[in-house]
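Reading the structure
Each chain is listed here by its residues.
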Amino acid sequence: MADPADRRRYSCLVTVLEVIRRSTDYLAQKGVDSPRLQIELLLAHVLKLPRLQLYLNFERTLGESDLATVRALVRRRGNREPLQHLTGLVSFCGFELAVGPDVLIPRPETEVLAERAWTLLETLPVAAPAVLDFGTGSGCLAIALARHCPAAHITALDISEPALVRARANAERQGVADRIEWARGDGLAAVRPGLHFDVIVANPPYIPSVEIERLAPEVRDHDPRPALDGGPDGLDVIRQLAAGAAARLNRSGHLLVEFGDGQATAVSDLFVRHGWIVEAVEADLSGRERILIARPARR
Ligand SMILES: C[S@@+](CC[C@H](N)C(=O)[O-])C[C@H]1O[C@@H](n2cnc3c(N)ncnc32)[C@H](O)[C@@H]1O
């Protein structure tokens, strides 16, 4: 097949199934987890099909332009760019968010945090609760709570300006931007003075600095460092919340904070030492303790 025209014609005849098989092998060699699922999701994205429709289209041949797009994406995935950066989208609590290197890719355990927060909001004796999303990133928690609690007024805080730009765009796309107040800065001091909250939700950075180099390349090289790095023991920002969040809560206020696998005892002890009552420690979908729900002991 020396003739380039022949080669081009041949490449036009590659079927969906062949692309899946070849790319699965390639991604597996590159150390990518679940390589078959990854190529199916990329292919479905490029062909604009639900993934399961691929199974009805195994013999379909790819056009030259789709094939070139898939090849480029598979190469990038092989270089361990996260799938969500290649598709630009992630699903969270039933809606879609745009993501990129400027924000943490929302994780499934944070959907559990969102669900616990809106369940709590529904039980509070407050008609229009005030909520703070500490470290909003993509805006996933702020937007999920705005969608589920139409009466809530939400403040979304982040130290990163690009994250806030991204979060605001996501909120606009979901039609809730007008119910969210945006605050940029380092910690609770950056939130408008005088604002008090019924619920504070936080998914802060909690990975110990020395562990970051050992993370998968998708996380280590592509999630923003300020979204990951929690200082020497991972608890720098959680410590700030334990020390300062009670002063920003209303009488019936609660804090819900996500932490890392294995940190439950250290985080609970920290909050108790700072005068909080730990109401619950909740598990993620794989049964690991990941969320603390607490309220200040002295009202
Ligand atoms: C783990 S990410 C969580 C993002 C998003 N809430 C989520 O659950 O996907 C932590 C976020 O906190 C922000 N952040 C880190 N330190 C902060 C600080 N001291 N004050 C405010 N935001 C901070 C980071 O920029 C990042 O967006």
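Residues numbered from 1 in each chain as written. Predicted model: local features only at pLDDT ≥ 70, side-chain atom pairs only at ≥ 80, totals over all residues. Heavy atoms only, no water.

What follows covers the packing of aromatic side chains. Here the structure, examined in full by the defined rule, presents three aromatic pairs. Pairing Y55 with F58 gives two aromatic rings, centres 5.1 Å apart and planes at 50°, and the pair type is tilted. Note on Y55: relative accessible area 38%, which makes it partly exposed. (Phe/Tyr/Trp six-rings, centres within 6.5 Å; stacked < 30°, edge-to-face > 60°. Buried < 20%, exposed > 50% of the residue type's maximum accessible area, 1.4 Å probe, protein only.)

Now for the side chain of R248. For R248, the position within the fold is in the loop between α11 (236-244) and β7 (249-258). Among the polar contacts made by the side chain of R248, one reaches the main-chain carbonyl oxygen of L188 at a distance of 3.3 Å. Discounting residues that sit within four places of it in the chain, R248 has contacts with L188, V191, R192, P193, G194, L195, H196, F197 and I200. (Helix = DSSP H or I, 4+ residues; strand = E, 2+ residues; numbered from the N terminus. Polar contact = N/O pair within 3.5 Å; in protein donor to acceptor, adjacent residues only side chain to side chain. Contact = heavy atoms within 4.5 Å.)

Considered domain by domain, the protein is made up of domain 1 (4-79) and domain 2 (103-296). Each of domain 1 and domain 2 has a C-alpha centre, and the two are 38 Å apart. (Domains from an automatic or database assignment.)

Restricting attention to buried positions, one finds in α11 the residues V237, I238, L241 and A242. One face of α11 carries all of its buried residues, which in axial projection span an arc of 145°. (Arc of directions from axis to C-beta.)

With that settled, the discussion passes to the site of the ligand. The immediate surroundings of the ligand are formed by 19 residues, with G135, D158, D186, G187 and N203 found nearest. Between a nitrogen atom of the ligand and a main-chain N or O atom of T136, the distance comes to 3.3 Å. The side chain of D186 places a nitrogen or oxygen atom 2.9 Å from a nitrogen atom of the ligand. Taking 590 Å² as the accessible area of the ligand by itself, protein coverage stands at 95%. Split by residue class, the shell around the ligand holds nine nonpolar, eight polar and two charged. (Near = heavy atom within 4 Å. Areas by Shrake-Rupley, 256 points an atom, 1.4 Å probe, with all protein chains shown as cover. Nonpolar A, V, L, I, M, F, W, Y, C, P; charged D, E, K, R; others polar.)

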